Amino acid sequence: MLACTWMGKEKLEMQQVGVPLVTDPEDTVIKVTGSTVCGSDLHLYHAEILQMKKGDILGHEVMGIVDTVGSNVTSVKPGDRVVAAFSIACGKCDYCKKQLYTACDTTNDSKLQEELYGMRISGIMGYSHFVGGFAGGQAEYCRIPFSNTNLLKVPESVPDEKALYLSDIVPTSYHTVWDTGCQENEIIGVWGLGPIGLNVVQWLRNVFKAARIIVIDDVPERLHLAQVHWGAEPINFKQDQDVVKKIFELAPDGLDRAIDCAGFRYTKSLLHKVEHAVGLETDSPEVLNECLRAVKKFGSIGVIADYAAYTNHFLVGALMEKGIRLIGCGQAPVQRYWDVCLEHIESGLFDPTVILTNRYPLECTPEVYKRFDAKDGGIIKVFLETQYSSKPTTGTPALSNPDE
């Protein structure tokens, strides 16, 4: 089968590899009908995540048609249309029983992560041996372990272009808003308008009913989309470099809550650019420091952006003295939110295709990474099709080539 493999920093290759087999009674192998490139995949692309190995198959967002199942699989059968959770949970440990699936004790054997974090989180598909070393879904076939827990049968009413994103960004963004404690009629700031950030804005406007949403990014197309579709108030930090000052101009009393959807690799100041480059820190605190200054006393900050390890010059004094709740939202336990997200998709309150900008063939995946990394040509979210994919749904992007 054809698969996108990691071969080193900023070096991906499409390779012919073996079709995965059922190796455990709870395994399911699917024919992939859709996958995508996530903003967090760029950390792998730039070799910023620990324990990557040459030949690793990438991709943690995937859907498809059930091909073969293990003897203990009861939730799906061959021919079913399914979407897979990005995280791999056993469904049986104490954390899984509490629906905290990304805290699963069973599916990640990384000793390095245990040494660094004190304990391990769950395995994640296609996202390094730091989270289990599982093959990903940017391929023509994919093996889903513990599939009674990690596969969702997709209703016929939901097209592939909406169903695919139930693997990660739709429930992850819902979890972020819920976990941050956002309430109706609040003023919320959202840093970073990648797919997660834009989905957070849609949830805030359509479901959680925020009074005002202030969004911070430097990509005009993304700021415009959030403003036009959901009435967000944009701040371009390339134009308004003092973001906190601009926030107080718009909302003199500050934000009720802030959500960091940006990520550790986006440094602003020369100091942090240098510290990041020479390895004095792995993660920049600049977005978090802006959040800490802009949020009201006893407000909260939700962190869904990827952070890896250590940072310098974190404004810990503001955290304590202002009584701010800093919430690490964690890798979202997406299975927990599948039912509620499906309900809102089917009702029309939430539409994952608003941010779908491009549809490309699987064989072009390495070039898609380059374009996505450069935020080239208004690209926000893509659909990668395989030979098993259905035709594009009316109203969604037609198949094209990333070189066009």
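Preceding this paragraph is the structure being described.
What you are looking at is a predicted structure, and each value in this text was computed from that prediction instead of being measured.

The rules we used
Residues numbered from 1 in each chain as written. Predicted model: local features only at pLDDT ≥ 70, side-chain atom pairs only at ≥ 80, totals over all residues. Heavy atoms only, no water. Core = buried A, V, L, I, M, F, W, Y, C linked by side-chain atoms within 4.5 Å. Buried < 20%, exposed > 50% of the residue type's maximum accessible area, 1.4 Å probe, protein only. Helix = DSSP H or I, 4+ residues; strand = E, 2+ residues; numbered from the N terminus. Contact = heavy atoms within 4.5 Å. Phe/Tyr/Trp six-rings, centres within 6.5 Å; stacked < 30°, edge-to-face > 60°. Pairing = 2+ DSSP bridges. Axes fitted to C-alpha atoms, helices over the stretch in contact; angles between N-to-C directions. Expected span 1.5 Å × (residues − 1). Arc of directions from axis to C-beta.

> What is the right way to read the nonpolar core from this model?
Across soluble globular proteins, nonpolar side chains have a tendency to be buried as a group. Grouped together as the largest cluster of nonpolar side chains are 71 residues, with contacts concentrated most on Leu166, Val170, Val190, Leu204 and Val215. Considering each element in turn, this core owes the most residues, six residues, to helix 7 (residues 195-206). Not counting the four nearest positions on each side in its chain, Val215 is found in contact with Val190, Leu193, Val201, Leu223, Ala226, Ala232, Glu233, Pro234 and Ile235. Counting residues in hydrophobic clusters, the runner-up holds 21 residues, among them Ile216, Ile235, Val244 and Val295.

> Could you clarify how one ought to interpret the packing of aromatic side chains in this entry?
Two aromatic rings, taken as a pair, are described by how far apart their centres are and by the angle between their planes. Here the structure, examined in full by the defined rule, presents eight aromatic pairs. Pairing Tyr45 with Tyr369 gives two aromatic rings, centres 5.8 Å apart and planes at 35 degrees, and the pair type is tilted. Note that Tyr45 is positioned in helix 1 (residues 41-45) and Tyr369 in helix 14 (residues 365-374), a separation of 324 residues in sequence. Taking relative accessible area as the criterion, Tyr369 reaches 0% and is therefore assigned buried. Both rings, one in Trp203 and one in Phe350, keep their centres 4.0 Å apart while their planes meet at 15 degrees; by these two values the pair is stacked. Taken together, the residues Trp203 in helix 7 and Phe350 in the loop between helix 13 (338-347) and strand 17 (356-361) connect sequence positions 147 residues apart. Here Trp203 matches Phe350 in class, with each residue buried.

> What is the right way to read the sheet that holds strand 14 (residues 255-260) from this model?
In sheet architecture, strand pairing relies on hydrogen bonds along the backbone and comes in two forms, parallel and antiparallel. An order of 13-12-11-14-15-16 is seen for the six strands of this open sheet, with the pairing classed as parallel. Each having just a single partner strand, strand 13 (233-236) and strand 16 (325-328) make up the two edges of the open sheet. Direction aside, neighbouring strands of the sheet carry axes that sit 15 degrees apart on average. Pairing of strand 11 (residues 187-191) with strand 12 (residues 212-217) involves five bridges; the strand directions are parallel. Residue pairing in the sheet places Trp191 in a bridge with Ile216 of strand 12.

> Honestly, helix 7 in this entry has me stumped. Any pointers?
Side chains of residues three or four places apart in an α-helix project in the same direction, reflecting 3.6 residues per turn. Along its 12 residues, helix 7 runs 16 Å from first to last C-alpha, staying within 8% of the 16 Å computed at 1.5 Å per residue. Within helix 7, 11 of the 12 residues are buried, leaving the element largely enclosed by the surrounding structure.

> How should I be thinking about helix 8 (residues 220-230) in this particular structure?
Within helix 8 the residues assigned to the buried category are Arg222, Leu223, Leu225, Ala226 and Trp230. Down the axis, helix 8 shows its buried residues gathered within 160 degrees of arc, on one side only. In helix 8, the exposed residues that point more than 90 degrees away from the buried face are Pro220 and Val228.

> Would you take a moment to explain the environment of Ser122 for this structure?
Among the structural elements, Ser122 can be located in the loop between helix 3 (111-117) and strand 8 (123-124). Aside from chain neighbours lying at most four places away, what touches Ser122 is Ser87, Ile88, Tyr101, Thr102, Ala103, Cys104, Thr107, Asn108 and Val131.

> Whenever I open this one, the pairing of strand 11 confuses me. Can you help?
Across a regular strand the side chains alternate sides, sitting on one face of the sheet and then on the other. By the criterion of burial, strand 11 is predominantly enclosed, with five of the five residues buried. Pairing of strand 11 with strand 14, which is carried by four bridges, proceeds in the parallel orientation. Along strand 14, the bridge assignment pairs Trp191 with Asp260.

> Explain the sheet that holds strand 4 (residues 56-57) to me, please; I cannot follow it from the model alone.
If you trace the three strands from one edge of the open sheet to the other, you get 2-1-4, paired in antiparallel fashion. Strand pairing shows two members of the sheet lacking a second neighbour, strand 2 (11-16) and strand 4, which therefore form its edges. The sheet contact formed by strand 1 (residues 2-8) and strand 2 spans six bridges and is antiparallel. If you follow Gly8 over to strand 2, its bridge partner there is Lys11.

> Would you take a moment to explain the side chain of Gln335 for this structure?
Summarising the element assignment, Gln335 is placed in the loop between strand 16 and helix 13. Beyond its immediate stretch of four places on either side in the chain, Gln335 contacts Ala85, Ser87, Ala89, Tyr101, Thr149 and Asn150.

> I keep staring at the environment of Tyr101 and nothing clicks. Help me out?
Looking at the element boundaries, Tyr101 is found in the loop between helix 2 (94-97) and helix 3. Sequence separation between Tyr101 and Gln16 is 85 residues, and the spatial gap between their C-alpha atoms is 32 Å. Not counting residues up to four positions away in its chain, the partners in contact with Tyr101 are Ala89, Cys96, Ser122, Thr149, Pro333, Gln335 and Arg336.

> Which parts of the structure should I look at to understand the environment of Asp80?
Here Asp80 is to be found in the loop between strand 5 (62-69) and strand 6 (81-84). A relative accessible area of 7% means that Asp80 is categorised as buried. Spatially, the C-alpha atoms of Asp80 and Glu61 are 18 Å apart, while their sequence positions differ by 19 residues. Beyond its immediate sequence surroundings of up to four residues, Asp80 is in contact with Gly64, Ile65, Val66 and Lys153.

> So what exactly am I meant to see when it comes to unusual backbone geometry here?
Among all residues except glycine, the phi angle is most often negative; among peptide bonds, the trans geometry is most common. Of note, the phi angle at Glu10 is positive, near 55 degrees, even though the residue is not glycine. With respect to the element layout, Glu10 can be found in the loop between strand 1 and strand 2. Phi is positive for Ala47, which is not a glycine, with a value near 60 degrees. Note that Ala47 resides in the loop between helix 1 and strand 4. Since its relative accessible area comes to 37%, Ala47 is described here as partly exposed.

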